[in-house]
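# Reading the structure
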Amino acid sequence: MTFLGKILKPIFGVSQEEATDFDGVDSKAALRLETVISTVTKGCHMTFQSSKFETLVSRLHEFEPELRGFAYEGAGIGLAALDCILPWKNRTRAFTDGPGSDYIYAVPLGAGMALARMRRRPEKFLSRLDPVVGWIALDGYGFHEGFFARKRAVEEQFVPKHLSSYGRRVFDHGLGRSIWFVAGANVERVATTIAAFPQARQGDLWSGVGLGCGYTGGVDHAALARLHTVSGLYTSQLAVGVAIAAHARRRAGTPAPYAELACEVLCGTSCDEVARMVEAAFLNLPTNGSKPAYAIWRERIEAHFVAVSVESEYRQKELIQ
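Read on for a plain summary of the structure.

Parameters and conventions
Residues numbered from 1 in each chain as written. Predicted model: local features only at pLDDT ≥ 70, side-chain atom pairs only at ≥ 80, totals over all residues. Heavy atoms only, no water. Helix = DSSP H or I, 4+ residues; strand = E, 2+ residues; numbered from the N terminus. Expected span 1.5 Å × (residues − 1). Buried < 20%, exposed > 50% of the residue type's maximum accessible area, 1.4 Å probe, protein only. Contact = heavy atoms within 4.5 Å. Core = buried A, V, L, I, M, F, W, Y, C linked by side-chain atoms within 4.5 Å. Disulfide = S-S within 2.5 Å. Phe/Tyr/Trp six-rings, centres within 6.5 Å; stacked < 30°, edge-to-face > 60°. Lys NZ or Arg CZ within 6 Å of the ring centre and 35° of its normal. Salt bridge = Lys/Arg side-chain N within 4 Å of Asp/Glu carboxyl O.

### Here's the deal with helix 9 (residues 137-148)
The terminal C-alpha atoms of helix 9 lie 16 Å apart, and with 12 residues this matches the ideal 16 Å at 1.5 Å per residue to within 8%. Three or more residues of helix 9 are buried, namely Ala 137, Leu 138, Asp 139, Gly 140, Tyr 141, Gly 142, Phe 143, His 144, Glu 145, Gly 146 and Phe 147.

### Brief notes about the side chain of Ser 178
Here Ser 178 is to be found in helix 11 (residues 165-182). Looking at Ser 178, the relative accessible area reads 0%, which means it is buried. Once residues within four sequence positions are removed from consideration, Ser 178 is found in contact with Phe 143, Gly 146, Phe 147 and Val 154.

### As for the nonpolar core
Counting 98 residues, the largest nonpolar core has Phe 12, Tyr 105, Trp 180, Trp 206, Leu 227, Trp 297 and Ile 301 as the members making the most contacts within it. Of the residues forming this core, the biggest block, 9 residues, is contributed by helix 15 (residues 235-252). Setting aside residues no more than four positions away along its own chain, Ile 301 makes contact with Val 240, Ala 243, Ile 244, Met 277, Val 278 and Ala 281.

### Notes on the state of the cysteines
Counting across every chain of the model gives 0 disulfides. Lacking any disulfide linkage, Cys 267 is separated from the closest cysteine sulfur, that of Cys 263, by 4.7 Å. According to the relative accessible area criterion, Cys 267 is buried, its value standing at 9%.

### Observations concerning the packing of aromatic side chains
As enumerated under the stated definition, the model contains 14 aromatic pairs in all. Ring centres 6.4 Å apart and planes at 75° place the aromatic pair Phe 158 and Phe 171 in the edge-to-face group. Taken as a pair, Phe 158 in the loop between helix 10 (150-155) and helix 11 and Phe 171 in helix 11 lie far apart in primary sequence, 13 residues in all. Both residues of the pair, Phe 158 and Phe 171, count as buried. By the ring-pair criterion, three or more aromatic residues cluster together here, those being Phe 53, Tyr 72, Phe 95 and Tyr 103. Note that Arg 152 overlies the ring of Phe 158, its terminal NZ or CZ placed 3.7 Å from the centroid. Just above the ring of Tyr 215 sits the side chain of Arg 249; from NZ or CZ to the centre is 4.0 Å.

### Overview of the pattern of salt bridges
Counted under the stated rule, the structure contains 13 salt bridges. Close ionic contact of Glu 66 with Arg 249 constitutes a salt bridge, the shortest N to O distance being 3.6 Å. Within this pair, whereas Glu 66 is found in helix 5 (residues 65-85), its partner Arg 249 is found in helix 15, the two being separated by 183 residues in sequence. Looking at Glu 66, the relative accessible area reads 16%, which means it is buried.

So, in C-alpha cells, the structure goes:
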C-alpha cells in the first residue's frame, strides 16, 4: 500500500452493516448485491495499493468477467481520489482514454462516488473527464448519497442545490440506482419509494433503476415484468437505463444472462440490438451547445423507446379493430 493509499483507504472503507443493509430482500438478491458492493470496494483498495495502470489492470482482470465492471468502478473511485489529492495529474481521464477505455461508464461512475465521499463539487471535476459520458460521474455522486446517506437523500428527498439544473437530473439517475440497492431489488418497494418523490423527479429515478437492474441483476423474469408494469408512465426512461447497461456490457465484452433478460423484458429486444442503438446515438453529437451532449445522447435513446411504444400501441389498436 502506498503512503497516500494508507491515508485514503480508511476514508473509502465500507462497513459490514453498510454492505448488507438492504430492505425486504430475499437471500439470493442479497448475496448478489453484497457481492457487487464488495467488488467495487476491492477495486478501490487495489488502486490505493498501486495506481500504475499495468499493475492495476492486471489485478482488476483477476475478477471474473461478469463482475469486472464493478471492479473498474472501484478503480474509478481510487483514481479520482488520488486526482483530488494530487491534481497536477489526471489519472482518471488517462485511464479511461487508455487501458480502461472499455469501461467508459464504470470509471466515471466511480469517480463521482469518490467526489461525494471527499465532499468535492462534482461539476468542477467534469472538465477532467470525457466531454460526453463524463457527466455520468454525477450519477455516481447521486448513488453514493442515496446509498450511504439514504435518510437524507431518499427519505427526506434532499435536493442538491449546489448542482446545475441538469446536474440534479443526473444526480437523480444515481439516486434511482441506489434505490434499487437500498430496496434490495424488491420491485414493490422500489415503486413505493419512487412514488413518494415529486413527479418531476420520478422519470430520472426510474432511469436509474433501469441501469441498476440491467447491469446488476438480482431478479427473475416475473419481477422484471412487474417492474415494467409498475414503472407506468416512465417505461421509456426505465428502458434508457437498461439500454446503457447493455451497451456497457457489450463494449467491455462481459455479457450476462440477466442483462439479456432485462433487455428482452424492458426494452423488447436483445442486448446486442439495444447496444447497437445506443452506439448509434453517439453519432454527430453536438458538443459546443448550451445543452450537454450527454443529455442529447440520452434523449435520442429515449426517443427510440417512445417511438417503439407508440408503434406497439398502434398495432394493438389495429388488431382490436
